[in-house]
Amino acid sequence: MISETQQDQASLYALDLLGAEEAAAFERELSANAELKTLVRELRDAAGAVALTAPQGALPSAGLKDRVMQQIASESRSSVPSNVITTRAGAFGNWIPWAIAAALALFCGLLAVDRVKLQQRLAQERNASPVLVTLAPMEAAPAKAEVMVAWQPDKQNGMIKLKNLPAAATGKDYQLWAVDGAHKDPVDAGILRLTGEGVAEIRFQPKDSARQVQAFAISLERKGGVPKAEGPMLFVGKI
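Residues numbered from 1 in each chain as written. Predicted model: local features only at pLDDT ≥ 70, side-chain atom pairs only at ≥ 80, totals over all residues. Heavy atoms only, no water.

## Topic: the overall build of the protein chain
Phase 1 of the analysis: In terms of helices and strands, the protein chain carries five helices and eight strands.
Phase 2 of the analysis: Shown N-terminal to C-terminal, the secondary structure of the protein chain runs as helices and strands in the order α-α-α-α-α-β-β-β-β-β-β-β-β.
Phase 3 of the analysis: Here the protein chain holds 239 residues, and the buried ones make up 30% of them.
Phase 4 of the analysis: For the protein chain, contacts bridging at least 24 residues in sequence account for 59% of all contacts bridging at least 6. (Helix = DSSP H or I, 4+ residues; strand = E, 2+ residues; numbered from the N terminus. Buried < 20%, exposed > 50% of the residue type's maximum accessible area, 1.4 Å probe, protein only. Contact = heavy atoms within 4.5 Å.)

Laid out in structure tokens, this is it:
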């Protein structure tokens, strides 16, 4: 990812505002960084677009020449130096390039900020994608059973998919656990009740904060579940 310093330098480089030494150093970075090259190209494209939006000078009106000549004659009679009119016109005209440069610098800065925000949003979306975990059967697990968990850390919830898992014995329940680094014991994530076909998709949410989940597990417990795992672990899957 491009740093904020590189973004600032790219904006100045696109405007040709870096000193010779700074520009040379930046170009060395540029040659080795494809993402930085893309940013500079985008900034230069933006610079060209802003330059094209500068208003074109309007054509002079028919009577402008006469009015200017009258003004010159009047100034001459008043013994005002002849360069006054030129100086005023120059002062008026010279601010335009600076205004365009300032607007362009602001535009480029905003573009860089938008780019950073987009990168951050994409990173957040990637982090928000569910973590898929396949739970491996332990020695006591029913044969042919398949278990998969889709966990969303940011939302603190998930879904578990069970297949070919027979109903729990009378007086027993399957119970899901989240093994979390911030807790001494696995966190209760709920009871798993299946249909007669041994198939289920069950949404779950740990009953305590689980920000550092390292694994999920299923145990066979007393009917209604227990606050702390007691029975045999049937399935375990590390993240």
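Let's pick the thread back up.
## Regarding the nonpolar core
Phase 1 of the analysis: One finds I160, L162, F216, I218 and F235 to be the most contacted residues of the largest nonpolar core, which totals 26 residues.
Phase 2 of the analysis: If you list the elements that add at least two residues to this core, you get β1 (131-137), β2 (146-152), β3 (157-163), β4 (172-180), β5 (187-192), β6 (200-204), β7 (213-222) and β8 (233-238).
Phase 3 of the analysis: Beyond its immediate chain neighbours, meaning those up to four positions away, L162 contacts E146, V147, L192, L194, G198, V199, A200, I202 and I218.
Phase 4 of the analysis: Counting residues in hydrophobic clusters, the runner-up holds twelve residues, among them A10, A23, V40 and L43. (Core = buried A, V, L, I, M, F, W, Y, C linked by side-chain atoms within 4.5 Å.)

## Regarding the packing of helix α1 (residues 4-14) against helix α2 (residues 20-31)
Phase 1 of the analysis: Contact pair α1 / α2: the axes reach a minimum separation of 11 Å and the direction vectors enclose 115°. Between α1 and α2 lies a crossing whose hand is left-handed. Note on element contacts: α2 touches α1 through A23, F26, E27, E29 and L30, opposite Q6, Q9, A10 and Y13. (Axes fitted to C-alpha atoms, helices over the stretch in contact; angles between N-to-C directions. Left-handed = near helix turned anticlockwise from the far one by under 90°.)

## Some points on the packing of aromatic side chains
Phase 1 of the analysis: Per the stated rule, a full pass over the model turns up four aromatic pairs.
Phase 2 of the analysis: Both rings, one in Y13 and one in F26, keep their centres 5.0 Å apart while their planes meet at 45°; by these two values the pair is tilted. You can see Y13 sitting in helix α1 and its partner F26 sitting in helix α2, a full 13 residues away along the chain. Each of the two residues, Y13 as well as F26, counts as buried.
Phase 3 of the analysis: Between the aromatic rings of W151 and F204, the centroid separation amounts to 6.0 Å while the plane-to-plane angle is 5°, which identifies the pairing as stacked. On the criterion of sequence distance, the pair formed by W151 in strand β2 and F204 in strand β6 is long-range, its members being 53 residues apart.
Phase 4 of the analysis: The class for F204 is buried, based on a relative accessible area of 6%.
Phase 5 of the analysis: Three or more aromatic residues joined by ring pairs form one cluster here, namely W151, F204 and F216. (Phe/Tyr/Trp six-rings, centres within 6.5 Å; stacked < 30°, edge-to-face > 60°.)

## Some remarks on the sheet that holds β2
Phase 1 of the analysis: Ordered by their spatial adjacency, eight strands build an open sheet running β5-β4-β7-β8-β1-β2-β3-β6, and the pairing between neighbours is antiparallel. The sheet terminates laterally at β5 and β6, the two strands that pair on one side only. With direction set aside, neighbouring strand axes in the sheet form an average angle of 20°.
Phase 2 of the analysis: Where β1 and β2 come together, five bridges link them in antiparallel fashion. Residue L135 lies in a different strand from β2, and its bridge partner there is V147. (Pairing = 2+ DSSP bridges.)

## Here we look at the pairing of β3
Phase 1 of the analysis: Judged by which residues are buried, β3 turns out to be one-sided: G158, I160 and L162 face inward and are buried, whereas N157, M159, K161 and K163, on the alternate face, are not.
Phase 2 of the analysis: Of the strand pairs in this sheet, β2 and β3 are connected by seven bridges, and their pairing is antiparallel. Residue pairing across strands places W151 opposite G158, the latter belonging to β3.
Phase 3 of the analysis: In this structure, the hairpin formed by β2 and β3 is closed by a connection of four residues, where Q156 is found at a positive phi of approximately 60°.
Phase 4 of the analysis: Inspection of the sheet shows β3 paired to β6 by five bridges, in the antiparallel sense. Counted as the bridge partner of G158 is F204 from β6.

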